[in-house]
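If you want the building blocks of each chain, they are given just below.
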Amino acid sequence: MSSDPKAGFLALELDGDGAHPAAWRKARHAPDELLNGARIRETVLAAESAGFHAATFTDGPLPEGTQDVAGRLNALQRAAFAGPISGSIALVPEVDTVYTEPFHAATQLASLDYVAAGRGGWLVKASGDAREAAAVGRSVASEEALAHEAAASVEVGRRLWDSWEDGAVIRDIPTGRYLDVDKLHYADFETPADFPGEAYSVKGPSIIPRPLQGQLPVLAPASLVSADGPLRPAEVDAVLVSAPTPELLVDEAGSHRAAHGGSPAGAGIAVIAELDVVLDSRGQSAAARLAELDALSPWSSPRARFVGTAAQLAEFLAELLQAADGVRLHPAVLDVELEELAQLVLPELRRRGVLRPAVAGATFRGLLGLERPANRYTTARQTTLTEETA
Amino acid sequence: MSRNDPIQHSSKQHNRAKFQPSGKIQFGVFFQGVNSGTIWKTPEAGSQTDFESFRRIAQTAERGLFAAFFLGEGLRLREHLGRPHALDVAGRPDAQTMLAALASVTRNIGLVATQNTTYNDPADLAHRLASLDLLSGGRAAWNVVTTDNAWTGANFRRGGYLDHADRYVHAEAFVQTAKRIWDSWEDDAVASTVQAESWAVPGHARRVLREGQHYTVDVTPRLPRSAQYRPVLFQAGDSPDGRDFAARQADVIFSAQPKFEAAVKFREDIVARTLAAGRGANEVQIMPASEFILGATDQEAREKKEWVRSLQIGPQQAIAYLEQFWGRELSSFDPDGPLPDIDPVVETTSETRGSGFHGAKARELADQWRAEAQENGWSIRQFVSSRTARIDSTFTGSYSSVADTLAEYARVGAVDGFNISPWIIPSGLDDIVNHLVPELQERGVYPTEYAGSTLRENLGLATPVRSPELVPATAGSAR
């Protein structure tokens, strides 16, 4: 299914009470009501009914020794919980590639795609956080090693997702075969010679048939992706780009799009711009709200920050969506910003025709303008057959 | 109600050293995903991977007041003669991912994930189980299993690093670490109002440090306790080491002893081991794996059983069964003829990948089996059926006669419940819930409502005591 290439999509980051560390103090629920299923249900459904195309879920340890939120549920499980109760929104958890077993990551993500009816995605994380290394008794990966780790895990994931060809479950009563073993494949992944960490291999096949989408869309921060590798643009489906200010973000998104060959509907990959958002709300200006939050806890973010009215944001997003395929919004206070976004910003963007329709039953690949991909092993087998008959 | 029912419902006021039957049984359901018991050669057999199959089984189980929904863990596809095994259902979702999804469409049923201690990291696994526990409102459980073979390890960065003999030592250290992680937060650590000075009470979490032989953990856990304090622990190993491990660490044993006499003996053994471990006689519950083939009459159930067995052990399965032990292809032999007259190709059978048989003396075994088959006049199919019948965990009969049988288990306290493997997905619990459960309720041996919202409440398990070494509340290290 192809969407209007000029129309963009919007993702919303749903972690905790919002992107600002003091967000919990302005949340419309008690702190001890944050880490439960009801909260996931409420926020995912609110984002979906507002018209967001995707929800993302940050993972990993939180800052220690602060007065702010110190708890976080596993991101992939939050996404899985939301799968059966939502209908159009893509569910994209952050999953680490450095300290997580690649086999587990791949099979968990494939499983997410099943419970989310083809709306699963993978936001690749490569953590240089020493605490994550210590938790699993590993030494921390160097900054240069992160992209290698990410590239290896993504390749394991992609091979395992293809390791069951479509139609491998045959249920053939005459021969008594449930599976067609010719359609199952060993992944036989080995880390490349220049892999900076300890070398490893993954045999395969996966334990679960090919995901509903064939391959889940893989999103990665632009900082991990480079034309000379190890994680090349062709190995991901979208890059997330950041810049220090909103103005620079438009330029940054544009230059990434030019570098990566245009939108996914062509030969390129999607460019998703990252934006922190603080809005006027209930008679209080965005600037005043931000000052109040900052007085409670300092907020340092690597992303561009938009502070203003809903109308100004709609204006800016319409411009940004000319340069990027999508924008991921990080609301300062989820409960507050989401209300404004739902009531004022998304309706205005829809009125202007700059948003793709959010379609119930559509896949995440479909949203990104990606076809269901051919299976590498099916292609290889058919090529061999052709050569044999030639 | 059965005659002279002596059952007391709480063990609290009794001697902890004396086992007191609860007089009740509970049900769990084990959606296996990979096994030879799930039939697929019939039109009613549904998908093994579609979410709707899982939703239907879980919601039917919940309608029948089942205590728990179990999932197995897949780490490597089963193989047969060096290729993936083709004849049985295979392909299953990751356990915790599926259970997190089911948490949103169920309210009361426990969600049990089988997870091994070899190819998971303690801090990561404990965190994911705690997440499932919070998402489900206190319904998560961990079925602890051990794996040690290098063949499974080929899918993992760590590889096959563990000796078979070390597996329970390792598993116990792992479980203790997980418990410390779950115990690390103060009770009611998170503020109940946004006006609070801080989100969590200062020093709310203790850092957990552990240096083990096989892993090192240094983590400040990031989740508070759940409504049931921490996930319930199931354990499934049947060896003496496995039983002692369960007696020390587990809340429930997922046993392989459903037959009455064996179940009674198993209970006695576990009670003795539990007391030896310094715990109360009732502190470890037992739920054996089982299968139910039911009908309106005993005759109808017997006929159904024959039909089920014929689909479970088709001609190809019978040949494949022998091939596991012969280590060679036997497809030229007639399944309805005598056992192969050729010898196994190896002295010791290679491990059947993922199906649990370990290196038997192949030639010796083949001789024994041929003699046995000849003596009984059995074909290959009949022989294989007799082998599988020996490990038969099936209750077959009319709803009322099976209810009578189960009521006797409850009366003497042979088990605390049964973990049922449906032989068909997704309709396999329908007759149990529609017909057997009401019969059991009439006999007063099955719950008539959920006791609470958490798995611990529904199983009647006490709230755990904080690990003693963690009792002094000091922020920082708790080595």
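Described below are features of the structure shown in this document.

What counts, and at which threshold
- Residues numbered from 1 in each chain as written.
- Chains lettered and ligands numbered in written order.
- Predicted model: local features only at pLDDT ≥ 70, side-chain atom pairs only at ≥ 80, totals over all residues.
- Heavy atoms only, no water.
- Helix = DSSP H or I, 4+ residues; strand = E, 2+ residues; numbered from the N terminus.
- Rg over C-alpha atoms; globule rule 2.2 N^0.38 Å.
- Buried < 20%, exposed > 50% of the residue type's maximum accessible area, 1.4 Å probe, protein only.
- Contact = heavy atoms within 4.5 Å.
- Areas by Shrake-Rupley, 256 points an atom, 1.4 Å probe, with all protein chains shown as cover.
- Buried area = accessible area lost by both parts, 1.4 Å probe.
- Salt bridge = Lys/Arg side-chain N within 4 Å of Asp/Glu carboxyl O.
- Polar contact = N/O pair within 3.5 Å; in protein donor to acceptor, adjacent residues only side chain to side chain.
- Nonpolar A, V, L, I, M, F, W, Y, C, P; charged D, E, K, R; others polar.
- Pairing = 2+ DSSP bridges.
- Right-handed = clockwise from strand over helix to strand, strands pointing away.
- Core = buried A, V, L, I, M, F, W, Y, C linked by side-chain atoms within 4.5 Å.
- Expected span 1.5 Å × (residues − 1).
- Arc of directions from axis to C-beta.
- Axes fitted to C-alpha atoms, helices over the stretch in contact; angles between N-to-C directions.
- Parallel < 35°, antiparallel > 145°, perpendicular 65-115°, else oblique.
- Left-handed = near helix turned anticlockwise from the far one by under 90°.
- Phe/Tyr/Trp six-rings, centres within 6.5 Å; stacked < 30°, edge-to-face > 60°.
- Lys NZ or Arg CZ within 6 Å of the ring centre and 35° of its normal.

### Quick word on the overall build of chain B
Within chain B one finds 14 helices and 14 strands. In terms of overall dimensions, chain B is globule-like: its C-alpha atoms have a radius of gyration of 23 Å, near the 23 Å expected for 479 residues. Principal-axis analysis of the C-alpha atoms gives chain B an extent of 80 × 55 × 45 Å. The proportion of buried residues among the 479 residues of chain B is 61%. For chain B, restricting intrachain contacts to residue pairs at least 6 apart in sequence, the fraction spanning at least 24 positions comes to 76%. As presented, chain B carries roughly 18,500 Å² of accessible surface, and 48% of it is formed by carbon and sulfur atoms.

### Quick notes on the interface of chain B and chain A
Contacts between the two partners involve 70 residues from chain B and, on the opposite side, 78 residues from chain A. In total, chain B and chain A occlude about 6,000 Å² of area from one another, counting both sides; carbon and sulfur atoms represent 59% of this. For the pair chain B and chain A, the interface holds 2 salt bridges. For the pair chain B and chain A, the interface holds 35 residue pairs in polar contact (both at pLDDT 80 or more). Elements supplying a minimum of two residues to the side of chain B that touches chain A: helix 1 (51-63), strand 4 (83-84), helix 2 (95-103), helix 3 (122-135) and strand 8 (216-219) of chain B. For the side of chain B that touches chain A, the leading source of residues is helix 3 of chain B, giving 7 residues. Considered class by class, the residues forming the side of chain B that touches chain A number 33 nonpolar, 22 polar and 15 charged.

### Details of the pairing of strand 6 (residues 140-145) of chain B
All names here are of chain B. Here strand 6 lies mainly inside the structure; 5 of its 6 residues are buried. As judged from the 6 bridges shared by strand 5 (residues 110-116) and strand 6, these two strands associate in the parallel manner. Pairing of Gln 115 across the sheet is with Val 144, part of strand 6. In this view, the connection linking strand 5 to its parallel neighbour strand 6 by way of helix 3 has right-handed handedness.

### What to know about the nonpolar core
If you look at the biggest cluster of nonpolar residues, it comprises 188 residues, and the most contacted ones within it are A:Phe52, A:Leu275, B:Phe27, B:Phe66, B:Phe69, B:Phe292 and B:Leu406. Here the element with the most residues in this core is helix 5 (residues 143-162) of chain A; it accounts for 10 residues. By size, the runner-up hydrophobic cluster in this structure holds 17 residues, among which are B:Ile313, B:Trp369, B:Ile380 and B:Val384.

### A closer look at the pattern of salt bridges
Scanning the entire structure with this criterion turns up 56 salt bridges over all chains. Across the pair A:Asp162 and A:Arg210 runs a salt bridge, and its minimum N-O distance is 3.1 Å. One end of the pair, A:Asp162, is in helix 5; the other, A:Arg210, is in the loop between strand 8 (201-202) and strand 9 (218-221), with 48 residues separating them in the sequence. Of the two residues examined, A:Asp162 and A:Arg210, each falls in the buried class. The salt bridge involving B:Arg207 is made with B:Asp218; its shortest N-O contact spans 2.9 Å. Placement of B:Arg207 in strand 7 (residues 206-211) and of B:Asp218 in strand 8 is noted, with a sequence separation of 11 residues between them. Take B:Arg207: its relative accessible area is 35%, and that puts it in the partly exposed class. Among the charged side chains, a salt-bridge network with shared partners connects A:Glu155, A:Arg159, A:Asp162, A:Asp166, A:Arg210, A:Arg372 and A:Arg376.

### As for helix 10 (residues 362-376) of chain B
Residue and element names in this part refer to chain B. Here helix 10 contains 15 residues, and its C-alpha end-to-end distance of 21 Å stays within 8% of the 21 Å for a straight helix at 1.5 Å per residue. For helix 10, the set of buried residues is Ala 362, Leu 365, Ala 366, Trp 369, Arg 370 and Ala 373. Buried residues along helix 10 cover an arc of 135° about the axis, so they all sit on one side. Seen from the buried face of helix 10, the exposed residues on the opposite side, beyond 90 degrees, are Gln 374 and Glu 375. Gly 377 occupies a position one or two residues after helix 10 and carries a positive phi of about 65°.

### Let's talk about the packing of helix 5 (residues 167-182) of chain B against helix 6 (residues 240-249) of chain B
How two helices sit against one another is set out by the angle between their axes and by the gap between those axes. Residues and elements named next belong to chain B. Remark: helix 5 packs on helix 6, axes separated minimally by 10 Å, with the N-to-C direction vectors making an angle of 15°. Comparing their axes, helix 6 and helix 5 come out roughly parallel. The way helix 5 lies across helix 6 gives a crossing that is right-handed. On helix 6, the residues touching Tyr 168, Ala 171, Glu 172, Val 175, Gln 176 and Lys 179 of helix 5 are Asp 241, Gly 242, Phe 245, Arg 248 and Gln 249.

### A short note on the packing of aromatic side chains
To describe a pair of aromatic rings, one takes the distance between the centres and the angle between the planes. The tally for this structure, following the rule as stated, stands at 33 aromatic pairs over all chains. On the basis of an interplanar angle of 85° and a centroid distance of 5.5 Å, the ring pair of B:Phe30 and B:Phe254 is categorised as edge-to-face. Of this pair, B:Phe30 sits in strand 1 (residues 26-31) while B:Phe254 sits in strand 10 (residues 252-255); the two residues are 224 residues apart in sequence, bridging distant segments of the chain. The same class applies to B:Phe30 and to B:Phe254, which are both buried. Where B:Phe325 meets B:Trp369, the ring centres are 4.9 Å apart and the plane angle is 70°; that geometry is what we call edge-to-face. Taken together, the residues B:Phe325 in helix 9 (residues 315-326) and B:Trp369 in helix 10 connect sequence positions 44 residues apart. A relative accessible area of 7% places B:Phe325 in the buried class. Of the residues examined, B:Trp369 reaches a relative accessible area of 2% and is grouped as buried. Linked through ring pairs, B:Phe27, B:Phe66, B:Phe260, B:Phe292, B:Phe395, B:Tyr409, B:Phe418 and B:Tyr446 together constitute an aromatic cluster. A cation sits over an aromatic face here: A:Lys203 above A:Tyr186, 4.5 Å from the ring centre.

### Remarks on the pairing of strand 8 of chain B
Within a regular strand, the side chains alternate between the two sheet faces. Residue and element names in this part refer to chain B. Residue alternation in strand 8 divides its side chains into a buried set, Val 217 and Val 219, and an unburied set, Thr 216 and Asp 218. Across 4 bridges, the pairing between strand 7 and strand 8 is antiparallel. Bridging across to strand 8, Val 208 finds its partner in Val 219. Hairpin connection from strand 7 to strand 8: 4 residues lie between these consecutive antiparallel strands.

### Here's the deal with the packing of helix 2 (residues 75-82) of chain A against helix 3 (residues 102-115) of chain A
Residue and element names in this part refer to chain A. Helix 3 packs onto helix 2 with a crossing angle of 20° between their chain directions and a minimal axis gap of 8 Å. If you check the angle between helix 2 and helix 3, you find them roughly parallel. As helix 2 runs across helix 3, the sense of the crossing is left-handed. Two secondary-structure elements touch here, helix 2 through Leu 76, Ala 79 and Ala 80 and helix 3 through Gln 108, Leu 109, Leu 112 and Val 115. A per-class count over the contact of helix 2 with helix 3 returns 6 nonpolar, 1 polar and no charged.

### Overview of the side chain of B:Arg267
Residues and elements named next belong to chain B. Counting through the fold element by element, Arg 267 comes out in helix 7 (residues 260-276). Taking the relative accessible area as the measure of exposure, Arg 267 reaches 5% and is therefore buried. Each residue touching Arg 267, except ones within four places of it in the same chain, is listed here: Phe 19, Val 284, Ile 286, Gly 413, Ala 414, Val 415 and Asp 416.

### With respect to the side chain of B:Thr152
Residue and element names in this part refer to chain B. In this structure, Thr 152 sits in helix 4 (residues 150-153). Thr 152 sits in the buried class, given a relative accessible area of 6%. Ignoring anything within four residues of it in the chain, the contact list for Thr 152 reads Leu 75, Arg 76, Tyr 119 and Thr 147.

### Some thoughts on unusual backbone geometry
One can expect most non-glycine residues to show negative phi and most peptide bonds to be in trans. Omega for the bond connecting A:Gly204 with A:Pro205 falls within 30 degrees of zero, at -10°, which places this linkage in the cis form. Within the secondary structure layout, A:Pro205 lies in the loop between strand 8 and strand 9. Located in the positive-phi region is B:Leu65, a residue other than glycine, with phi close to 60°. Mapped onto the secondary structure, B:Leu65 falls in the loop between helix 1 and strand 2 (68-71). The class of B:Leu65 is buried, set by a relative accessible area of 13%. For B:Tyr229, which is not a glycine, the phi torsion comes out positive at approximately 75°. Locating B:Tyr229 in the fold gives a position in the loop between strand 8 and strand 9 (232-235). The exposure class assigned to B:Tyr229 is buried, which follows from its relative accessible area of 5%.

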